[in-house]
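Commentary on secondary and tertiary structure
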Amino acid sequence: MTLIWIKRILYNRYALFVVFLYLYLWIAHPLLEITKGLLRMEVPFLLYLYYCLNLWIKQTKWQAVIAAIPLALLYLIHDYYFLRFFRIAKINDLHQIPELIAVTDVSIVLMVMGLLLVFLYPLLKNIRYSTKGLVWSIPALFVFVAPFYDPSGFIKVYSWLSIEVIYYAPAVNVEYNGRIVTALYNEAKRNEILQNIVQYRDIHKLSLQLPKALEGEEKANGRNIHLILLEGFVDLTLLTKLPEPIHTVHPEFAKLFGKNQGFSVSPVFGGYTAQAEFEVLCGVPAFQEFDVIEYNAFTGSPTYCLPTILKKLGYKSIASQGFKPDFFNGLIAYRGLGFDEIYFAKEYAPTRESYLSKGEETDNKYFADSLLFEQNLSFVKQRLAEKKPFLNFVETVYGHVPFEMGNRVGPELYPNIDLPWDLKRIVNQNMYRTQAVADYVQKLMLLDPYSLIVLFSDHLPPLEGGTGMYAKYGYLTEDVPDRFYKNRFFVIRDGKFEKYDIFYHFNIYRLILDYVTNHEYCKNMSCKFNYPLDKEGFRDDYRIIMGLASQ
């Protein structure tokens, strides 16, 4: 009897499809758990889609395999994204494809496109018109369209069929309910919120509004703020299992910062710099309610973030970024944030006025830290002569994937070290990066001794092995909360180094405002710098800020 059932399974494509699906999920464990929730929605839906795909494919001996290709690709792309960036892929992430292509090596882009063509060629070659397929596919069309045109209805059905909806934990929600249906749910949730965002555009309900008693130039100390975002900057001394001997930081850096290196918890791992920016500049967690990247929802309409508040205190806010104006909707977002002056590298924005130029002689499309800092120091010197307080916000880009050295930096110090290619490049970059940071900070302190200097990393750089690679080489320990979201950050207040053991990126905003108001800000606003912290208390302010930004 058992042999009969085995034979039936082996000769039934739909039974084999389910077997291979569960086999894949078992192999992927513990990436995402296998739960009975899959039987309620994901497996029936996939079987239905697989049946429809079979109707659209010519009847050949490979029909069953070819029909499975689109579904297999969806799963593989979803799980690779999770492994690489440690977050659940969403439909709206498709908006980031142009940025991803722009920052990825051409050879890698061509290789990926080639692999996709290899998989899709047999599908395109064997597709056929089928009236029966058209009829059976109509319900699927409604399912895929519903999140965009009837998001509330889709959410109700999803909630009814699911075991439990875990909105605050996307990975757990996928574990409970499946990959594809949850991706559709996330899009429905985003569109439902966008429909309701109008109600959050009342600035009078914003608890982050600066009290009238604190507005005006006379309420601020007039000291400058230098806020430096270090792209993909990682403290390699925390990778305790690197092979010996490796000197991971420049001696000047170690001497300068010593033990004054705290941690700040980023909202992201391995990418999405704009999320870290948003938190630091707007003082609220990046909840991703309205978009995978908050900046994407910005229209240039004024919202209420750090540059706008500083303007009320008599400050000018200046943003300097060594890459492209359209990267993460940067130019429009900076306008909405309230920056008075915005500069990008001339090579990427030739029609805009800028003091930044990475130079035509470099073979690296990313601005070398040392060169960017050198130009910013000259710019700061000019601004100091104007005797008007300012925010100097600088975003570096040199530490971006694929971590190329470039000819503006020295040679590889460890060309033969036995490490994965990406980690090897980071190790070789880091001596030069830490030297550039140390040199910049020392010169900045001499130029502007009575100022606040804050340097923070947006996120840990992405490695091909994702968080597993960091675990392999000993980044912190397993019992450390937010292990892969903790990044080094540095604070120099009026020439003196300060250490904050554990911070949140969104509290750097409060640190700055408390500094310029001589601690009056936190006396009036009840700042909460403790860790861990319940983020839900910030959600209403987050919604208002996003509502204003998206008008």
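A brief report on the enclosed structure follows. (Residues numbered from 1 in each chain as written. Predicted model: local features only at pLDDT ≥ 70, side-chain atom pairs only at ≥ 80, totals over all residues. Heavy atoms only, no water.)

1. Remarks on the overall build of the protein chain
Tallying secondary structure elements over the protein chain gives 21 helices and nine strands in all. Taking 551 residues into account, the globule formula puts the C-alpha radius of gyration at 24 Å, and the protein chain, at 26 Å, falls close to it. Along the first, second and third principal axes, the C-alpha set of the protein chain runs to 85 × 60 × 50 Å. For the protein chain, the proportion of contacts with a sequence separation of at least 24, taken over those separated by at least 6, is 76%. As presented, the protein chain carries roughly 25400 Å² of accessible surface, and 61% of it is formed by carbon and sulfur atoms. Separation of charge centres in the protein chain, based on 56 positive and 56 negative side chains, amounts to 5 Å. (Helix = DSSP H or I, 4+ residues; strand = E, 2+ residues; numbered from the N terminus. Rg over C-alpha atoms; globule rule 2.2 N^0.38 Å. Contact = heavy atoms within 4.5 Å. Areas by Shrake-Rupley, 256 points an atom, 1.4 Å probe, with all protein chains shown as cover. Lys, Arg positive; Asp, Glu negative; His and termini not counted. Charge placed at Lys NZ, Arg CZ, Asp CG, Glu CD.)

2. Looking at the side chain of Lys486
Within the element layout of this structure, Lys486 appears in strand β7 (residues 486-493). For the buried Lys486, no salt bridge is present, and the opposite-charge side chain at shortest range is Asp482, 6.0 Å distant. For Lys486, the contacting residues outside a window of four places in its chain are Phe263, Ser264, Val265, Leu460, Tyr475, Leu476, Val480, Pro481, Ile502 and Tyr531. (Buried < 20%, exposed > 50% of the residue type's maximum accessible area, 1.4 Å probe, protein only. Salt bridge = Lys/Arg side-chain N within 4 Å of Asp/Glu carboxyl O.)

3. Observations regarding the packing of aromatic side chains
This structure, assessed with the given rule, holds 40 aromatic pairs. Ring geometry for Trp56 versus Tyr129: centroids 6.2 Å apart, planes at 75°, classification edge-to-face. Of this pair, Trp56 sits in helix α4 (residues 42-56) while Tyr129 sits in the loop between α7 (106-126) and α8 (131-149), and the two are 73 residues apart along the sequence. Within the aromatic cluster, the residues linked to one another by ring pairs are Phe278, Phe287, Tyr295, Phe298, Tyr334, Phe339, Phe344, Phe393 and Tyr542. Geometry around Phe263 places Arg488 over its ring, the cationic atom sitting 4.3 Å from the centre. One cation-aromatic arrangement involves Arg539 over Phe287; the distance from NZ or CZ to the ring centre is 3.9 Å. (Phe/Tyr/Trp six-rings, centres within 6.5 Å; stacked < 30°, edge-to-face > 60°. Lys NZ or Arg CZ within 6 Å of the ring centre and 35° of its normal.)

4. Side note on the environment of Met405
Looking at where Met405 falls in the secondary structure, it is placed in the loop between β5 (390-395) and α17 (421-447). Sequence-wise, Met405 and Leu230 are 175 residues apart; in three dimensions their C-alpha atoms are separated by 16 Å. The contact partners of Met405, leaving out residues within four places of it in the chain, are Asn364, Tyr398, Gly410, Pro411, Glu412, Asn428, Gln429 and Tyr432.

5. Some points on the packing of helix α9 (residues 151-161) against helix α11 (residues 179-196)
Interhelical geometry of α9 versus α11 gives an angle of 140° and a closest axis separation of 8 Å. Compared by their axis directions, α9 and α11 come out oblique. In this structure, α9 crosses over α11, and the sense of that crossing is left-handed. Here Pro151, Ser152, Phe154, Ile155 and Tyr158 of α9 come into contact with α11, specifically with Val181, Thr182, Leu184, Tyr185, Ala188, Lys189, Asn191, Glu192 and Gln195. When the residues that make up the contact of α9 with α11 are grouped by side-chain class, the tally is eight nonpolar, four polar and two charged. (Axes fitted to C-alpha atoms, helices over the stretch in contact; angles between N-to-C directions. Parallel < 35°, antiparallel > 145°, perpendicular 65-115°, else oblique. Left-handed = near helix turned anticlockwise from the far one by under 90°. Nonpolar A, V, L, I, M, F, W, Y, C, P; charged D, E, K, R; others polar.)

6. Focus on the side chain of Thr273
Secondary-structure assignment places Thr273 in helix α13 (residues 273-282). Overall, the relative accessible area of 5% leaves Thr273 in the buried class.

7. Focus: the pattern of salt bridges
The tally for this structure, following the rule as stated, stands at 16 salt bridges. When the shortest N-O distance is used, the salt bridge between Asp494 and Arg223 registers 2.8 Å. Of this pair, Asp494 sits in the loop between β7 and β8 (496-498) while Arg223 sits in the loop between α11 and β1 (225-230), and the two are 271 residues apart along the sequence. Taken together, the salt bridges that share partners define one network made up of Glu289, Glu536, Arg539 and Arg543.

8. Structural notes on α7
It helps to recall that an α-helix has 3.6 residues per turn; residues three or four apart then point in one direction. Here α7 contains 21 residues, and its C-alpha end-to-end distance of 30 Å stays within 8% of the 30 Å for a straight helix at 1.5 Å per residue. Helix geometry: α7 is bent most strongly at Leu120, by close to 40°, with proline Pro122 lying one to four residues after it. (Expected span 1.5 Å × (residues − 1). Bend = angle between axes of the 7 residues up to and from the residue.)

9. Section: the pairing of β5
Most of β5 is tucked away, with six of its six residues classed as buried. Burial along β5 is two-sided: Phe390, Asn392 and Val394 facing one way and Leu391, Phe393 and Glu395 facing the other are all buried. Where strand β3 (residues 316-321) lies against β5, six bridges are found, and the strand directions are parallel. What sits directly across from Ser320, in β5, is Val394. (Pairing = 2+ DSSP bridges.)

10. Comments concerning the state of the cysteines
Using the criterion set out here, one finds two disulfides in the structure. Here Cys282 pairs with Cys305 through a disulfide, and the sulfurs are 2.1 Å apart. In this structure, the disulfide formed by Cys282 and Cys305 twists by about 95° around the S-S bond and is classed as right-handed. On the criterion of sequence distance, the pair formed by Cys282 in helix α13 and Cys305 in the loop between α13 and α14 (306-312) is long-range, its members being 23 residues apart. Residues Cys282 and Cys305 agree in their burial class; the two are buried. Between the sulfur atoms of Cys522 and its disulfide mate Cys527 the distance is 2.1 Å. Its S-S torsion of approximately -95° makes the covalent link between Cys522 and Cys527 left-handed. With respect to class, Cys522 is no different from Cys527; both count as buried. Within the protein chain, bonded cysteines paired by disulfides and numbered along the sequence follow the pattern 1-2, 3-4. (Disulfide = S-S within 2.5 Å.)

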